[in-house]
Amino acid sequence: MIITVDNPPINAGSTEVRQGLLHAIHEFQDKAQLKAAVIIGAGSTFIAGSDIKEFSLPLAEPHLPTVINAIENCSKPIICALHGVALGGGFELALGCDARIALTGTVFGLPEVTLGIIPGAGGTQRLPRFIGVEKSIELICAGTRIKADEALQLGLINQIVKDDLIGNAIVLATSMFGSKKRIRELTTPKSTAANILAASNKALKLGKNRPQVQKAIEMICNTLILPIDEGLAIEREAFEKLRLSTEAKALRYQFFAERKLFKGLGAHDAEAKPINQIAVIGAGTMGSGIAIACLSAGYGVVILDQNVNALANGVKRVEQFYAVRLKSGKISAEKVSELLSRFSHSVQWGSIVSADLIIEAVFEDITVKHEVFQKIEAYARADALLASNTSYLDIDAIAAKTANPSRVFGLHFFSPAQVMKLIEIVRCKATSAVAVATGLSFAKHLGKTPVISANVFGFIGNRIYTAYRRQCEFMLEEGAYPEQIDKALEDYGFAMGPFAVADMSGLDIAWSMRQSQAINRKPEHRYVTIPDTLCLAGRFGRKSGFGYYQYPEDAGKPIVDPSVNLIIEAASQAKGIERKPFTTVDIVDRIILSMINEIAHLIVDKVVSDPTDCDIALVNGYGFPRWRGGPVFIARELGIDTLKVQLKQLAVVSGPGFLAANTDVIFRD
Ligand code: T1G
């Protein structure tokens, strides 16, 4: 009997799918003439997991464990024929079957922890009985996805076939007439406490000690001491509790918000142009990082810099990047040579004539950018798209000086460009819909997470970052210290606090930007002089050995510098501010509120179209903890009335110059 799951696009294990499977299994059991059954997915994949859309509501019967129990209780063999992906509940269903056959390249995994939950249908109980506790901890706690070859090696599947999955599955099922092979009957291979502890500590560190990671380890270890039915019951109870947690809700919100970003593909009343050859102008840190991101995604890349030394250094950075990955075994020698065969470099402008997309990543100076775009236009194909990687310069002004502004837009990468997922696609006044659609498609192909921004100072991420940095500086004046604010945010889940980040990127960069903006600053607005005082004292951060912190030669991490705290106290005194103590909650709440307020401004000013894009930007570009959802998610959890009250208080403490936004827009989808 062939049981086909058909729930496009990814055969999510919805209520209807579970009902259909249970009905089919009972029908198979009742028909004596049927000797074996095969469960297979229609379309491009097997079951990619339970239907996450159902997780915010009470789950309807039959639950997935009921379906899997029916498979195991069936007296006749039921096998799974797998292709595409078998993830989460899909993989758990497969583990409940008597055998598993997969097409080459099929992907397996239990990624539940990435959604703030644990496998809830036996994954933590059946997998360890097959591959042991340590390996199960490694795979489940990291949500690792493995290919069919590794699954075969681990014994998780019986066979890999190149084609004719259903034909081969029928042969396998036929060979199993009259037999059952229930994983539940296996005994978890023994392990030592030391090995389990080592695997657990590694998983907790990688998993940032999140509750679902802790719980997954506990469930997996239960397989050493509890009968499977007890373990299954405890696992399901733990899954249910985590599923209803705010953290799991936040992670589901992020999952769907990220997928919404790509809805724009084609929806911007244009189709993306085909992009194969990229030209990167400027071989500095950003340029070489962008070149690596493009090469790794399969594009042909030429990097151009008219400074021979800069070009040599840029090329070396690219080659070094792949040499390190080769040495660490992350990439094969063949792959490196294939990648570098698509890489070229030149000082000649003629090298960009075949590029489909040209990305400018030169020095952040508008005059230099104008000159570079003039050169680009002189050599680029007429149908090539032109993008600037600028962080804050006016791309409309750059476009206005070109012959065809409709093909000019922004592609703002975040450093290191080959690592950071966020990319801001800046849609200028004249940018065509084709350019935007192509930017989205290019970002998806790079494996990046794109948000579309209008062309304003700071785009999306830096606008929000500037607003919350301002609040941090206000709190310095009012009584907090850099190490206190940094620790509050690191405890909240940021990888690094804002002052440590500032020291790392260099205080002088922001200083020169403030100086360039000084003319626009209203004297009546509150302005914190502490960063300027530090810069005037030559305290530019790590690069100068001291900034907000001190960095003695041998110190790996920032050291609190009492002299900075004296500068801060003097600044408070100069303004007649009576310093007061801050709690961690005061600090975090004030920063999140400032982000929410700035996001509301961005929406009102039509810089960003969807509020959730701002949460995506902060999580993927600024280290905002993903499991918190983001300021928009938090605002929506707070509710419009509570938010209004809290923002009124923020306006009072922020002083002149703080502009309270209309936050109603945060609640519109
Ligand atoms: N539930 C509901 N919808 C899903 C979904 C899911 N699990 N996975 C994807 N979608 C939607 C997605 O929102 C999008 O919808 C469309 O499918 C295409 O997705 C009991 C509790 C499968 C590798 O975590 O990794 O099982 O935008 O754009 O790039 O223990 O989706 O078209 O309306 O990502 O080809 C565990 C999550 C669940 C897998 C396909 N499973 N999904 O990638 O397409 S928890 C997962 C993915 C669980 C059990 C537990 C990817 C993909 P729309 P897409 P893609």
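Above this text you will find the structure in question.
Every value quoted in this text rests on a predicted model; they were computed, and no experiment measured them. (Residues numbered from 1 in each chain as written. Predicted model: local features only at pLDDT ≥ 70, side-chain atom pairs only at ≥ 80, totals over all residues. Heavy atoms only, no water.)

(A) Layout of the sheet that holds strand β6 (residues 107-109). If you trace the 3 strands from one edge of the open sheet to the other, you get β4-β6-β7, paired in mixed fashion. Of all strands in the sheet, those bounded by a partner on one side alone are β4 (85-87) and β7 (145-147). Neighbour to neighbour, the strand axes of the sheet diverge by 20 degrees on average, direction disregarded. Of the pairings in the sheet, the one linking β6 to β7 comprises 3 bridges and is antiparallel in character. (Pairing = 2+ DSSP bridges. Helix = DSSP H or I, 4+ residues; strand = E, 2+ residues; numbered from the N terminus. Axes fitted to C-alpha atoms, helices over the stretch in contact; angles between N-to-C directions.)

(B) Up close: the sheet that holds strand β3 (residues 78-82). In space, the 5 strands of this open sheet follow the order β1-β2-β3-β5-β8, with parallel pairing throughout. Where the open sheet ends on each side, the last strands, each with one partner, are β1 (2-5) and β8 (159-161). Each neighbouring strand pair of the sheet contributes to a mean axis angle of 20 degrees, computed without reference to strand direction. Where β1 lies against strand β2 (residues 37-41), 4 bridges are found, and the strand directions are parallel. When the sheet's bridge partners are listed, Ile-2 is paired in β2 with Val-38. On the sheet, helix α1 (residues 15-30) packs against β1, β2 and β3 and is oriented at approximately 180 degrees with respect to β1. (Contact = heavy atoms within 4.5 Å.)

(C) Layout of the pattern of salt bridges. Overall, the coordinates contain 37 salt bridges when judged by the stated rule. Measuring nitrogen to oxygen at the nearest pair gives 2.8 Å for the salt bridge that ties Glu-637 to Lys-249. Of the two residues, Glu-637 is situated in helix α26 (residues 631-638) and Lys-249 in helix α11 (residues 246-261); the sequence distance between them amounts to 388 residues. Exposure remark for Glu-637: the relative accessible area of 39% places this residue in the partly exposed category. Exposure remark for Lys-249: the relative accessible area of 36% places this residue in the partly exposed category. The partner of Asp-605 in a salt bridge is Arg-463, with the nearest N and O atoms 3.6 Å apart. Separated by 142 residues along the polypeptide, Asp-605 in the loop between α24 (584-604) and α25 (611-621) and Arg-463 in helix α18 (residues 461-478) bring together distant segments of the chain. Judged by relative accessible area, Arg-463 falls into the buried class, the value being 18%. A network of salt bridges, in which partner residues are shared, links Glu-477, Glu-478, Arg-526, Lys-575 and Arg-590. (Salt bridge = Lys/Arg side-chain N within 4 Å of Asp/Glu carboxyl O. Buried < 20%, exposed > 50% of the residue type's maximum accessible area, 1.4 Å probe, protein only.)

(D) Up close: the site of the ligand. Around the ligand, the structure places 25 residues, and the nearest of them are Ser-50, Glu-92, Glu-112, Arg-259 and Lys-263. Between the ligand and Glu-92, the relevant distance is 2.4 Å, taken from an oxygen atom to a side-chain nitrogen or oxygen of the residue. One of the backbone N or O atoms of Gly-120 is found 2.9 Å from an oxygen atom in the ligand. Across the complex, the protein chains shield 77% of the 1000 Å² of accessible surface that the ligand would expose by itself. Put simply, the parts of the chain that give the shell around the ligand at least two residues each are α3 (89-96) and α11. At 3 residues, α11 tops the list of elements feeding residues into the shell around the ligand. (Near = heavy atom within 4 Å. Polar contact = N/O pair within 3.5 Å; in protein donor to acceptor, adjacent residues only side chain to side chain. Areas by Shrake-Rupley, 256 points an atom, 1.4 Å probe, with all protein chains shown as cover.)

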